[in-house]
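# Understanding the architecture of this molecule
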Amino acid sequence: MSIFQSLNITASALAAQRLRMDVISSNMANIDTTRARLINGKWEPYRRKLVVMEPRQEDFNTYLQAAMNRSGSVGNGVKVTKIIEDSTPFKLTYDPSHPDAEPDGYVRLPNVDPLKEMVDLIGATRSYEANVTVFNASKGMLMKALEIGKSS
């Protein structure tokens, strides 16, 4: 295990959680956007976006070496694989005076729920804060190791 592996793992988590917070912010900013994209000549509202994360996979050789040395793999961090759109239906609101109202008077609004977004944002923020704590602890241990090496 490299001396900097814990820092690299934590940095990958920080980047992933920052992207997750950015996507949540985009969802909240578009909570009233009724004209996000044109599909078959008809405007469709903004669709909520979600971040999909997976563990970073190492190559086969790394797993083989770990098995031969009987050393457990500690992981290799996280990566964002894609940003997907939530397929839940749009909200319908009766407002015949709205410029995007359909002939029956209903307006299709984005499928963004502010409560869900705030819960996701709190989770992403807590995860980010925990990873900052881990990063600082790892950095502190590396600095102490350098001091020990210097005094010897």
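Read on for a plain summary of the structure. Owing to the predicted nature of the structure, the values given are computational and were not obtained by experimental measurement.

Turning our eyes to something else, we now look at the overall build of the protein chain. Check the secondary structure of the protein chain and you find 3 helices and 6 strands. From first element to last, N terminus to C terminus, the protein chain shows the α and β order α-β-β-β-α-β-β-β-α. Here the protein chain, with 152 residues, has 22% of them falling under the buried criterion. Pairs at least 24 residues apart make up 67% of the contacts formed inside the protein chain by residues separated by at least 6 positions.

With respect to the secondary-structure elements, Glu 117 resides in helix H3 (residues 114-151). Reaching out from Glu 117, the side chain makes a polar contact with the side chain of Asn 27 at a distance of 3.2 Å. Look past the residues within four positions of Glu 117 in its chain and what remains in contact with it is Ile 24, Asn 27, Met 28, Arg 48 and Val 112.

A separate point is the pattern of salt bridges. A complete count under the given rule lists 12 salt bridges for this structure. For Glu 117, the salt bridge identified is with Arg 48, shortest N-O distance 2.4 Å. Separated by 69 residues along the polypeptide, Glu 117 in helix H3 and Arg 48 in the loop between strand E2 (42-44) and strand E3 (49-55) bring together distant segments of the chain. Per residue, the accessibility class of Glu 117 equals that of Arg 48, and both read buried. The partner of Arg 108 in a salt bridge is Glu 102, with the nearest N and O atoms 3.4 Å apart. Among the residues examined, Arg 108 registers a relative accessible area of 21% and is labelled partly exposed. Exposure remark for Glu 102: the relative accessible area of 24% places this residue in the partly exposed category. Through salt bridges with shared partners, a single ionic network connects Arg 37, Glu 44, Arg 47, Lys 49 and Glu 85.

Analysis parameters
- Residues numbered from 1 in each chain as written.
- Predicted model: local features only at pLDDT ≥ 70, side-chain atom pairs only at ≥ 80, totals over all residues.
- Heavy atoms only, no water.
- Helix = DSSP H or I, 4+ residues; strand = E, 2+ residues; numbered from the N terminus.
- Buried < 20%, exposed > 50% of the residue type's maximum accessible area, 1.4 Å probe, protein only.
- Contact = heavy atoms within 4.5 Å.
- Polar contact = N/O pair within 3.5 Å; in protein donor to acceptor, adjacent residues only side chain to side chain.
- Salt bridge = Lys/Arg side-chain N within 4 Å of Asp/Glu carboxyl O.

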